[in-house]
Amino acid sequence: MTPLIYAHRGASGLFPENTMESFYAAVRRRADGIELDVQLTRDDKLVVIHDHTLDRTTTGSGLVRRHTLQELRQFRADRGSSSRYSRARIPTLREVFHAFAETPLHFIIELKNFLSDQPHLEELVIEQIRRYHLTDRTIISSFNFDSLQRIKQLDPALTTGLLYVGPIPRPWEVAKRYAADQLHVPMDQLSAQLVKESHKHNLTVLGWTVNSSKDIQDAFDMGVDGLITNYPGRARKILRARS
Ligand code: G3P
Ligand code: CA
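Every value quoted in this text rests on a predicted model; they were computed, and no experiment measured them. Numbering of residues starts from 1 in each chain and follows the order in which that chain's sequence is written. Each chain is given a letter, starting from A, and each ligand a number, starting from 1, according to the order in which they appear as written. This being a predicted model, a pLDDT of at least 70 is required before a residue's local features are given, and a value of 80 or more before pairs of side-chain atoms are given or counted; all residues contribute to the totals for chains, interfaces and linings. Computation of side-chain values: all heavy atoms of the structure, hydrogens and water removed.

Caption draft 1: Examining the packing of aromatic side chains more closely. Any two of the Phe, Tyr and Trp rings considered here, Trp counted by its six-membered ring, make a pair once their centres fall within 6.5 Å; the pair's planes then place it as stacked at under 30 degrees, edge-to-face at over 60, or tilted in between. One pass over the full model with this rule turns up seven aromatic pairs. Summarising the aromatic geometry, the rings of F15 and Y85 are spaced 5.5 Å apart at their centres and angled 40° between planes, so their arrangement reads as tilted. Here F15 is found in the loop between β1 (4–8) and α1 (20–28), whereas its partner Y85 is found in the loop between α2 (69–72) and α3 (93–100), with 70 residues between them in sequence. The buried label applies to any residue whose accessible area, calculated with a 1.4 Å probe on protein chains only, is under 20% of its type's maximum; exposed applies above 50%, and partly exposed to all values in between. Look at F15 and you get buried, because its relative accessible area is 12%. Y85 sits in the partly exposed class, given a relative accessible area of 22%. Ring-pair connections join several aromatic residues into one group, and the members of that group are F97, F107 and Y132. Two limits define a charge over a ring: the Lys NZ or Arg CZ must be within 6 Å of the ring centre, and within 35 degrees of the ring normal. Its end group placed over the ring of Y231, R234 keeps NZ or CZ at 4.1 Å from the ring centre. Put simply, DSSP H or I for four residues or longer makes a helix, DSSP E for two residues or longer makes a strand, and each gets a number counted from the N terminus.

Caption draft 2: Geometry of the packing of helix α4 (residues 121–131) against helix α5 (residues 145–154). Note on geometry: axes are lines fitted to C-alpha atoms, helical ones only across the stretch in contact, with angles between N-to-C directions running from 0 to 180 degrees. At their nearest, the axes of α4 and α5 sit 10 Å apart, and the two run at 50° to each other. By the criterion of interaxial angle, the relationship of α4 to α5 is oblique. Crossing handedness for the pair α4 and α5: right-handed. Here α4 contributes E122, E123, I126 and R130 to the contact with α5, which in turn contributes S147, R150, I151 and L154. A per-class count over the contact of α4 with α5 returns three nonpolar, one polar and four charged. An angle counts as roughly parallel when it lies under 35 degrees, as roughly antiparallel when it exceeds 145, as roughly perpendicular when it falls between 65 and 115, and as oblique in every other case. Helix crossings fall into two classes, left-handed where the near helix is turned counterclockwise from the far one by less than a right angle and right-handed where it is turned clockwise. We call two residues in contact when some of their heavy atoms are within 4.5 Å. Nonpolar residues are Ala, Val, Leu, Ile, Met, Phe, Trp, Tyr, Cys and Pro. Charged residues are Asp, Glu, Lys and Arg, and all others, Gly as well, are polar.

This is the structure in structure tokens:
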């Protein structure tokens, strides 16, 4: 199977992360899918932003959870990006789905609920996935394994990815415990052996965050089922050259 290329927070190596601008750029670069981070606003809307605070990536400050969606919409979301995108805003999950539901694009939705309380995040995300009929094209990932288990209980048809950092000696055992379908393995823990063993346990393997040309080549050589990269255009060129 040809490995899939997922654009990490969109084509975030070149565009402001987790914005519509970076997601459209990922599509132009022929990414198979986009990875994005979701969390809740004060009025329980699903917004796409990585940090729990606004300061690094937007012109706002303080906790995302302390702001309503309307308040968040006022802030620019191109802070920290190498270029200025004055119209870039924090998108809602709904807005992303609305833009791409009619395309073949796949989604990795990372639930950002391992540091702060995000009540009913799982239910709200599933509601949006169903509204846009995207169950077959969506993977839910999280560092919060209990939350992944909750997703499976709520909708066994959804694919879940156990997202981790650092070494886990037998990650397939952890995946089984939490009923996950995939391992999302940090690049420094990826190996051909790990991929092979994971496949034996019926788990697919995605590598993250695989950015340099060498790492992209190495990940493909190891037999990953997909990789998550800030540079989907680079990964696509390398994949084309190999085929
Ligand atoms: O999907 C992998 C990656 O997104 C996890 O880390 O911190 O970039 O959200 P982070
Ligand atoms: Ca993420």
